[in-house]
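Architecture and fold: a report
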Amino acid sequence: MDLPSVIAHRGASADAPENTLAAVKLAVEHGATWIEIDVNISADGTLFVHHDDTLDRCTDGTGYLVGTKDETLISLDAGSWFSTQFTDEPLPTLSALVDLLKPHGTGVNLEIKATPGADIALAEKVCDFLKSQWPEELPVLASSFSPLVLEEFRRQLPEQPLGLLVCAVPANWLAWMERYSCDTLHCAEHFVTPNFCKTAQQAGYPVLCYTVNEANRARTLLDMGVTSIFTDHAKAMIAAIQS
Ligand code: G3P
Ligand code: MG
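Residues numbered from 1 in each chain as written. Chains lettered and ligands numbered in written order. Predicted model: local features only at pLDDT ≥ 70, side-chain atom pairs only at ≥ 80, totals over all residues. Heavy atoms only, no water.

**A few points about the coordination of the magnesium ion (ligand 2)**
- The protein atoms donating to the magnesium ion (ligand 2) are Glu36 (OE), Asp38 (OD) and Glu111 (OE), with metal-donor distances spanning 2.0 to 2.2 Å.
- Read N to C, the donor residues that coordinate the magnesium ion (ligand 2) are spaced as E-x1-D-x72-E. Linking Asp38 in strand β2 (residues 34–41) with Glu111 in strand β4 (residues 107–112), this pair joins segments that are 73 residues apart in sequence. Across this residue pair, the class does not change: Asp38 and Glu111 are buried. (Donors = N, O, S within 2.8 Å, 3.2 Å for Na, K, Ca; no water. Helix = DSSP H or I, 4+ residues; strand = E, 2+ residues; numbered from the N terminus. Buried < 20%, exposed > 50% of the residue type's maximum accessible area, 1.4 Å probe, protein only.)

Right, here's the structure in full:
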């Protein structure tokens, strides 16, 4: 899997409402070859692209996404909270997002954002989607904070590139990687150290870290051996890293 130095976090999320088609389209226009998005499941079992468990922060809806039916979700405005320029931007389904990216061949880090208790239901739906609907033109790396999701992925899709996603790096992270046959380690940038990078490199595991919005910090991390940084500012970061 050919990972780039810069991955657009939730799309071009500094310039457009996160995890929307507008944000993803903009990230592609800004030169991103990979994007990260969060995916969750509706009450009807449809996959929607959304970060939070609840709808309140990034839409004009309220309550748990996992407890809301499609009929309501598809009528929400997921753009006005960010700017009136994005009024009526829909809450995207994963299917709509994939259709948008397909002509561009953009790589996707699909973060499986399980609401506790819905882990398995979500993992099953994402695995079904990857098996039957995911276009071969789009490279995909799945990741999750949820051990239940990682376990289900490995049961259903032993060959699917999979990232162990953590905030702090646990002391026994190598054992976790082996347990779920993970390919990559994703962590908060605060916890990356030269020693950790060296161990990861020796073990052959790419390290991806979030969320890096300062070019100098990105350079330091990449010099340390980090493979990819997730940023909200794809345009500026791509320009800074390439210069
Ligand atoms: O996948 C990397 C990063 O997005 C994990 O944290 O909260 O931004 O989804 P969060
Ligand atoms: Mg995420």
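**Things to note about the environment of Asp52**
- Here Asp52 shows up in the loop between β3 (47–49) and α2 (70–73).
- The exposure class of Asp52 is buried, given its relative accessible area of 14%.
- Sequence-wise, Asp52 and Val149 are 97 residues apart; in three dimensions their C-alpha atoms are separated by 17 Å.
- Ignoring anything within four residues of it in the chain, the contact list for Asp52 reads Asn40 and Arg57.
- At 2.8 Å, the side chain of Asp52 and the side chain of Arg57 are in polar contact. (Contact = heavy atoms within 4.5 Å. Polar contact = N/O pair within 3.5 Å; in protein donor to acceptor, adjacent residues only side chain to side chain.)

**Brief notes about unusual backbone geometry**
- Cis geometry is adopted by the peptide bond preceding Thr211, which originates at Tyr210 and carries an omega value of -25 degrees.
- Following the sequence through the fold, Thr211 ends up in the loop between β8 (207–210) and α8 (215–224).
- For Arg10, which is not a glycine, the phi torsion comes out positive at approximately 60 degrees.
- In this fold, Arg10 is placed in the loop between β1 (6–9) and α1 (21–29).

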